[in-house]
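Here are the chains, one letter per residue:
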Amino acid sequence: MKFGILVNEGPYTHQASDSAYHFTKAALEKGHEIYRVFFYNDGVNNGSRLTVPPQDERNIQNNWTELAEKHDLDLVVCVAAAQRRGILDENEAKRHSKNADNIAPGFRISGLGQLIETGIECDRVVAFGD
Amino acid sequence: MSAEENGAGAEDQKKFLYVNRRAPYGTIYALESLEVVLIGAAFDQDVSLAFFDDGVFQIIKGQDTAGIGMKNFSPTYRALGDYEVTKLYVEKESLEERGLTADDLMEITYEDEDDDWAEKSSVQLVSRAELSEIMAAQDVILSF
Amino acid sequence: MLHTVNKSPFEKTTFDSCLNHARPGDAILLIEDGVYAAVKGTAVAERVAALNGDLSIYALGPDLSARGIKDTSLIERISVVDYGGFVDLVAEHDVSQAWL
């Protein structure tokens with residue numbers, strides 16, 4: 001089956017991103033297709049490569065990045081929500097005259113249309129948030 | 001423009017329901033949910049919105065945000081008709097629990113192209129049981 | 001239809017709202033802090049036990065364990081699933097609503 005995953009909260013404060021990650025892994029293990037993981041609201045903060053959690057703690061961003069590399073996942077951060085919260089890729093940084101970007105490997109920034117498309121294309125959409 | 005005119009027959013459409021259960025301003029969920037609705041309107045799907053629990057506070061009259069320095073986005077709900085988003089279900093029980101009636105809600109209307117562009121209300125009051133039926137009939141539920 | 005609830009019933013009204021809208025034949029999966037609704041002898045346990053038998057209620061095992069909740073302290077009608085079981089529940093139901 002084709003699954004779409006929606007993550008609406010950032011890392012660490014809420015369990016949402018962890019739950020979404022474990023769900024995504026389990027779905028892949030069962031042979032389902034993950035069409036896209038869409039990060040919205042504070043969920044866009046999962047896509048910052050500048051987090052430095054203590055070494056004995058899980059690294060949520062790395063977890064997503066590694067899972068994306070292993071399974072060729074499409075991790076999409078909503079551009080409008082990302083701009084509000086300071087998550088930028090190189091293009092966005094340039095366009096808004098910011099001197100740095102911070103998008104993590106494996107994530108890409110795109111529009112909300114990608115969420116709607118996920119709803120249209122997928123058999124199931126599962127949301128995680130607060 | 002109707003879905004048919006765009007070449008997308010109703011059988012190609014999915015039923016999308018946006019569930020609004022949270023009050024505006026205290027958190028960003030109401031505003032960012034509305035942003036999804038506006039973008040989603042371009043995709044010619046069968047779209048409805050449900051307002052229940054604290055979500056009914058999103059569409060009450062007389063919102064004035066001047067004192068909190070935030071944008072009053074409530075007028076945007078009134079523009080939804082222009083985006084062909086014309087089904088806004090509001091749960092009666094949620095209104096009653098909060099001491100509200102339909103008169104406390106903003107007038108949100110659309111022009112019905114199938115009825116000589118007559119102006120009609122987009123807001124439909126439904127019971128809790130009716131809302132449950134509506135939810136069960138969806139293909140995709142996005143709840144923020 | 002599958003409902004997921006991730007809030008403690010003692011802090012938020014989310015679980016209550018979910019129960020008010022769930023229909024016979026639906027499934028409810030308690031995850032994260034939602035699993036506190038699965039425990040026997042609490043203020044919400046009676047309501048959970050008395051729910052329509054056509055409503056299936058599940059709790060996510062890893063979230064129960066993390067919170068120190070043993071299977072023996074669960075309300076009888078609750079079934080425990082792991083993340084794989086969560087995936088199966090989503091697949092088995094046409095649509096899911098996350099009660100955020």
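Scroll up to find the structure.
This next bit is on the interface of chain A and chain B. With 18 residues of chain A in contact, the opposing surface of chain B contributes 19 residues. Both faces combined, the contact of chain A with chain B buries some 1,600 Å², and carbon together with sulfur accounts for 60% of it. Among the residues of chain A in contact with chain B, Arg84(A), Ile116(A) and Ile120(A) are the three that bury the most area, contributing 33% of the side total. Our count for the chain A to chain B interface comes out at three salt bridges. Here Arg85(A) ties to Glu32(B) by a salt bridge, and the two come within 2.9 Å at their closest N and O atoms. Ranked by residue count, the leading element in the side of chain A that touches chain B is helix H5 (residues 113-121) of chain A, at six residues. In the side of chain A that touches chain B, the residues fall into nine nonpolar, four polar and five charged.

Below, the discussion takes up the state of the cysteines. Residue and element names in this part refer to chain A. Evaluation of the coordinates by the stated rule reveals zero disulfides over all chains. With no disulfide partner, Cys78 has as its closest neighbouring cysteine sulfur the one in Cys122, 17 Å distant. Judged by its relative accessible area of 0%, Cys78 falls in the buried class.

Contacts between the two partners involve 13 residues from chain C and, on the opposite side, 17 residues from chain B. Summing both sides of the interface, chain C and chain B together bury roughly 1,300 Å²; the carbon and sulfur share of this comes to 51%. Remark: the boundary between chain C and chain B carries one salt bridge. In this structure, the salt-bridge partner of Arg23(C) is Glu133(B), at a minimum N-O distance of 2.8 Å. Mapped onto the side of chain C that touches chain B, the elements with two or more residues apiece are helix H1 (14-21) and strand S5 (96-99) of chain C. Looking at side-chain class alone, the side of chain C that touches chain B contains five nonpolar, six polar and two charged residues.

A separate point is a negative patch on the surface. Residue and element names in this part refer to chain B. On the surface, a cluster of negative charge is contributed by Asp82, Glu107, Glu111 and Glu119. Among the secondary structure elements, Asp82 is positioned in the loop between helix H2 (74-78) and strand S3 (88-91). On the accessibility criterion, Asp82 (70% relative accessible area) is exposed.

Further remarks concern the nonpolar core. With 85 residues, the main nonpolar core has Phe23(A), Trp64(A), Tyr77(B), Leu142(B) and Phe86(C) as its most contacted residues. When residues in this core are grouped by element, the largest group, seven residues, is from helix H1 (residues 16-29) of chain A. In this structure, Phe23(A) is in contact with Phe3(A), Ile5(A), Val126(A), Phe128(A), Tyr83(C), Phe86(C), Val87(C) and Val90(C), ignoring residues within four places of it in sequence.

Attention now moves to the sheet that holds strand S4 (residues 78-81) of chain C. All names here are of chain C. Across the sheet, five strands lie side by side as S4-S3-S2-S1-S5; this open sheet has parallel pairing. Edge positions in the sheet fall to S4 and S5, since each of these pairs with one other strand and no more. Strand-to-strand twist of the sheet, defined as the mean angle between neighbouring strand axes without regard to direction, takes the value 25 degrees. Both strand S3 (residues 56-60) and S4 contribute to a ladder of four bridges, which runs parallel. When the bridges of S4 are listed, Leu60 appears paired with Val81.

With that settled, the discussion passes to the packing of H1(A) against helix H4 (residues 83-92) of chain C. Axis separation between H1(A) and H4(C) bottoms out at 8 Å; the angle between their running directions is 75 degrees. The orientation of H1(A) with respect to H4(C), classified from their angle, is roughly perpendicular. Note on element contacts: H4(C) touches H1(A) through Tyr83(C), Gly84(C), Phe86(C), Val87(C) and Val90(C), opposite Ser19(A), His22(A), Phe23(A), Ala26(A) and Ala27(A).

Moving on: unusual backbone geometry. Positive phi, close to 55 degrees, is recorded for Trp117(B), a residue that is not glycine. For Trp117(B), the location among the structural elements is in the loop between strand S4 (109-112) and strand S5 (118-121). Trp117(B) sits in the exposed class, given a relative accessible area of 51%. With a phi angle near 50 degrees, Glu32(C) is a residue other than glycine that sits in the positive phi range. Here Glu32(C) shows up in the loop between strand S2 (27-30) and helix H2 (45-50).

Our focus in this paragraph is the environment of Glu90(A). When you line up the elements, Glu90(A) lands in helix H4 (residues 90-95). Sequence separation between Glu90(A) and Gln55(A) is 35 residues, and the spatial gap between their C-alpha atoms is 28 Å.

Turning our attention to the pairing of strand S5 (residues 124-128) of chain A. Residue and element names in this part refer to chain A. A large share of S5 lies buried, amounting to five of its five residues. Residues of S5 alternate between two faces, with Arg124, Val126 and Phe128 on one and Val125 and Ala127 on the opposite face, all of them buried. Judged from the five bridges that link them, strand S1 (residues 2-7) and S5 form a sheet pairing that is parallel. The residue of S5 that forms the bridge with Gly4 is Val125.

Residues and elements named next belong to chain B. Ordered in space as S6-S3-S2-S1-S7, the five strands form an open sheet in which the pairing is parallel. Looking along the sheet, the strands with just one partner apiece sit at the ends: strand S6 (123-126) and strand S7 (140-143). Strand-to-strand twist of the sheet, defined as the mean angle between neighbouring strand axes without regard to direction, takes the value 25 degrees. Inspection of the sheet shows strand S1 (residues 15-20) paired to strand S2 (residues 46-51) by six bridges, in the parallel sense. Looking at S2, one finds that Val19 is bridged to Ala50. Across the sheet, helix H1 (residues 29-40) is in contact with S1, S2 and S7; its angle to S1 comes to roughly 160 degrees. Packing of helix H4 (residues 128-136) onto the sheet brings it into contact with S1, S2, S3, S6 and S7, and relative to S6 it is tilted by some 115 degrees.

Thresholds, definitions, all that
Residues numbered from 1 in each chain as written. Chains lettered and ligands numbered in written order. Predicted model: local features only at pLDDT ≥ 70, side-chain atom pairs only at ≥ 80, totals over all residues. Heavy atoms only, no water. Contact = heavy atoms within 4.5 Å. Buried area = accessible area lost by both parts, 1.4 Å probe. Salt bridge = Lys/Arg side-chain N within 4 Å of Asp/Glu carboxyl O. Helix = DSSP H or I, 4+ residues; strand = E, 2+ residues; numbered from the N terminus. Nonpolar A, V, L, I, M, F, W, Y, C, P; charged D, E, K, R; others polar. Disulfide = S-S within 2.5 Å. Buried < 20%, exposed > 50% of the residue type's maximum accessible area, 1.4 Å probe, protein only. Patch = residues over 30% accessible without salt bridge, like charges linked within 9 Å, V, L, I, M, F, W, Y side chains within 5 Å. Areas by Shrake-Rupley, 256 points an atom, 1.4 Å probe, with all protein chains shown as cover. Lys, Arg positive; Asp, Glu negative; His and termini not counted. Charge placed at Lys NZ, Arg CZ, Asp CG, Glu CD. Core = buried A, V, L, I, M, F, W, Y, C linked by side-chain atoms within 4.5 Å. Pairing = 2+ DSSP bridges. Axes fitted to C-alpha atoms, helices over the stretch in contact; angles between N-to-C directions. Parallel < 35°, antiparallel > 145°, perpendicular 65-115°, else oblique.

Honestly, that's just the spatial picture; any functional story needs more than this.
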